[in-house]
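# Topology and contacts: notes
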Amino acid sequence: MREWRDNHPDEVIPDGLVLTQPWPATSAEKTRGIPDRVIYYQFRADRARRTLRGIDEQVRKAERAVDGHAPVKRNRYIQLTGAAKSVNRTLEAKTRALAGWKGYTTNLTSASSTFVIDAYHQLWRIEKSFRMSKHDLQARPIYHHLRDSIEAHLSIVVAAMAVSHHIETQTGWSIKKFVRTARRYRTVKIQAGNQTLTAADPLPDDLRSALLKIRAERAH
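Keep in mind that this is a model prediction, so the values were computed, not measured.

## Observations concerning the pairing of strand β4 (residues 84-87)
Inspection of the sheet shows strand β3 (residues 78-81) paired to β4 by four bridges, in the antiparallel sense. Within β4, the residue paired with Ile78 across the bridge is Val87. Linking β3 to β4, which pair antiparallel, is a turn of two residues; within it Gly82 sits at a positive phi near 70°.

## Notes on the side chain of Asn88
Note that Asn88 resides in the loop between β4 and α4 (89-98). Among the polar contacts listed, one links the side chain of Asn88 to the side chain of Gln79, at a separation of 3.4 Å. Within the structure, the side chain of Asn88 is placed 3.3 Å from the backbone nitrogen of Thr90, a separation counted as a polar contact. Dropping the residues within four chain positions of it, Asn88 is found in contact with Tyr77 and Gln79.

## Looking at helix α8 (residues 175-182)
Residues of α8 that are buried include every one of Ile175, Phe178 and Val179, and no others. One side of α8 carries all its buried residues, which in axial view fall inside an arc of 95°.

## Quick word on the pattern of salt bridges
One pass over the full model with this rule turns up ten salt bridges. Among the salt bridges present, the one from Arg89 reaches Glu92, with a minimum N-O distance of 2.8 Å. Taken together, the positions of Arg89 and Glu92, both in helix α4 and three residues apart, correspond to about one turn of that helix. Arg89 sits in the partly exposed class, given a relative accessible area of 43%.

## Some points on a positive patch on the surface
Residues Lys176, Arg180, Arg183 and Arg186 make up a contiguous surface patch of positive charge. Looking at where Arg186 falls in the secondary structure, it is placed in the loop between α8 and β6 (187-192).

## Concerning the sheet that holds strand β2 (residues 37-43)
As summarised here, the arrangement of the three strands in space is β1-β2-β5, forming an open sheet in which the pairing is antiparallel. Each edge of the open sheet is held by one strand with a lone partner, namely β1 (18-23) and β5 (101-106). Across this sheet, the average inter-strand angle for adjacent strands is 20°, counted without regard to direction. Across six bridges, β2 lies against β5 in antiparallel orientation. Its bridge partner being in β5, Gln42 is matched across the sheet by Lys102.

## So, the packing of aromatic side chains
In the structure shown here, the tally under the stated rule is three aromatic pairs. Look at Tyr104 and Tyr120: their rings are 5.2 Å apart centre to centre, the planes differ by 65°, and that puts the pair in the edge-to-face class. Placement of the pair is Tyr104 in strand β5 and Tyr120 in helix α5 (residues 113-121), with a sequence separation of 16 residues. The class of Tyr104 is buried, set by a relative accessible area of 1%. Given the relative accessible area of 34%, Tyr120 is considered partly exposed. It is Lys177 that lies over the ring of Trp173; its NZ or CZ is 4.4 Å from the centre. If you follow Arg184 out to its NZ or CZ, it ends over the ring of Tyr185, 4.6 Å from the centre.

Thresholds applied
- Residues numbered from 1 in each chain as written.
- Predicted model: local features only at pLDDT ≥ 70, side-chain atom pairs only at ≥ 80, totals over all residues.
- Heavy atoms only, no water.
- Pairing = 2+ DSSP bridges.
- Helix = DSSP H or I, 4+ residues; strand = E, 2+ residues; numbered from the N terminus.
- Polar contact = N/O pair within 3.5 Å; in protein donor to acceptor, adjacent residues only side chain to side chain.
- Contact = heavy atoms within 4.5 Å.
- Buried < 20%, exposed > 50% of the residue type's maximum accessible area, 1.4 Å probe, protein only.
- Arc of directions from axis to C-beta.
- Salt bridge = Lys/Arg side-chain N within 4 Å of Asp/Glu carboxyl O.
- Patch = residues over 30% accessible without salt bridge, like charges linked within 9 Å, V, L, I, M, F, W, Y side chains within 5 Å.
- Areas by Shrake-Rupley, 256 points an atom, 1.4 Å probe, with all protein chains shown as cover.
- Lys, Arg positive; Asp, Glu negative; His and termini not counted.
- Charge placed at Lys NZ, Arg CZ, Asp CG, Glu CD.
- Axes fitted to C-alpha atoms, helices over the stretch in contact; angles between N-to-C directions.
- Phe/Tyr/Trp six-rings, centres within 6.5 Å; stacked < 30°, edge-to-face > 60°.
- Lys NZ or Arg CZ within 6 Å of the ring centre and 35° of its normal.

Structure below.
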């Protein structure tokens, strides 16, 4: 980034600019099995505006604290030297220069920057799935010590996430909405002599429609 700025001192950074920095593994890293990496730095104008707005707010608070108009709280721009307080202008300049930039590290050295950045942007789906599995499905932590138990538990969790993703794709509902809506409906079978009686609450139209969409995909 410094090299680009040195070569383009008066230019506005183009939105979406991506800079590439190879990061070869050291000999010590290679002995530990760590491969070569590459870092892609991407600049986004919207990200820069949000970051600069946050920097402005934090610097204003730091200035008020240094002037004695506000209590000294945790603020990265307040520099304390003994009893003296000052605004850390060096840090401010550094953070302003980095506003809008974000780094993406990968060991896929032959992959394009677009592929790597897009893959990072999909991580929210994985994070969302894990939040769902712990909260909406009311999963509880289970502690295992044997490899077979650990692998079985992970298989169940991944299968649950796959099923949840399929339900969301087919119905357009969030898994949270689907679980909360469907949870209260039960089918009860009662054995009376040689007869089996089935009792069930009638399903609302929206839930029935969602279930039909799931079954229709399975039929294909």
